[in-house]
Amino acid sequence: MNCWKSINLNKQYGNHKIVILSLLTMLLSFIIIYTFISTGIASDRLNDNHIVFFLLIIFFMYPIHKILHLLPLLFVKSKIKILNKPFMYLPIITIKIVEPISKWLFIVTLLTPFIVVSTFVLLCTLMFPSYAHYLTILLSLHIGLCVSDLITLKNIFFSPPRCLIEEFEDDIQLLVRKS
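Reading guide: rules and limits
Residues numbered from 1 in each chain as written. Predicted model: local features only at pLDDT ≥ 70, side-chain atom pairs only at ≥ 80, totals over all residues. Heavy atoms only, no water. Helix = DSSP H or I, 4+ residues; strand = E, 2+ residues; numbered from the N terminus. Buried < 20%, exposed > 50% of the residue type's maximum accessible area, 1.4 Å probe, protein only. Contact = heavy atoms within 4.5 Å. Phe/Tyr/Trp six-rings, centres within 6.5 Å; stacked < 30°, edge-to-face > 60°. Pairing = 2+ DSSP bridges.

What follows covers the environment of Asp 170. In this structure, Asp 170 sits in the loop between β5 (164-167) and β6 (172-176). Relative accessible area serves as the criterion here: at 60%, Asp 170 is assigned to the exposed category. On a C-alpha basis, the gap between Asp 170 and Asn 10 in space is 8.1 Å, while along the polypeptide they are 160 residues apart. Residue contacts for Asp 170: discarding those within four places in its chain leaves Ile 7 and Asn 8.

Below, the structure is given as structure tokens:
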């Protein structure tokens, strides 16, 4: 197999640029989403109860995001390796793809957290409009978390249809079969 393209987000964009882009995306998504949602909800109907529950969800947003990335990869358990690297008494779980996987499985893996969390939060906003401000903040935070996934998706979406994706330490390589 030949390497068609190598994607390294830190080299291509820089870590600071990705963080700034993520923060700007969070802010812009909050402004846009809250503007639309607030037009249908009177501000006196908003409820500020359950702040502790809201903070807990914010704390667990990243682990939930990572678990949702793992779900599509469970169908190819032999091609992944789950590593546990403790950091200051906290378990840090890393998903490592050890064998090449198909482009479409990788796309599904990238999009799963975005689709699942966004759908869930939007449905909760419809069911509990008095907590729309909390839910809009959660949705905006999650959209900001998904920025690096969406940049990676943009980079691999227009690759050859039958390519395979292989992950290394710092980059992702798109492989095509020799003809």
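Under the definition given, this model contains six aromatic pairs. Ring centres of Tyr 131 and Tyr 134 lie 6.3 Å apart, and the angle between their planes is 15°; on these two criteria the pair is classed as stacked. Assigned by exposure class, Tyr 131 and Tyr 134 land together as buried. Linked through ring pairs, Phe 54, Tyr 131 and Tyr 134 together constitute an aromatic cluster.

Most of β6 is tucked away: four of the five residues are buried. As judged from the five bridges shared by strand β1 (residues 2-7) and β6, these two strands associate in the antiparallel manner. Bridge pairing in β6 places Ile 7 opposite Ile 172. Here β5 pairs with β6 via four bridges, running antiparallel. Counterpart to Glu 166 in the pairing with β6 is Gln 173. Counting the residues between successive antiparallel strands, the hairpin from β5 to β6 contains four residues.

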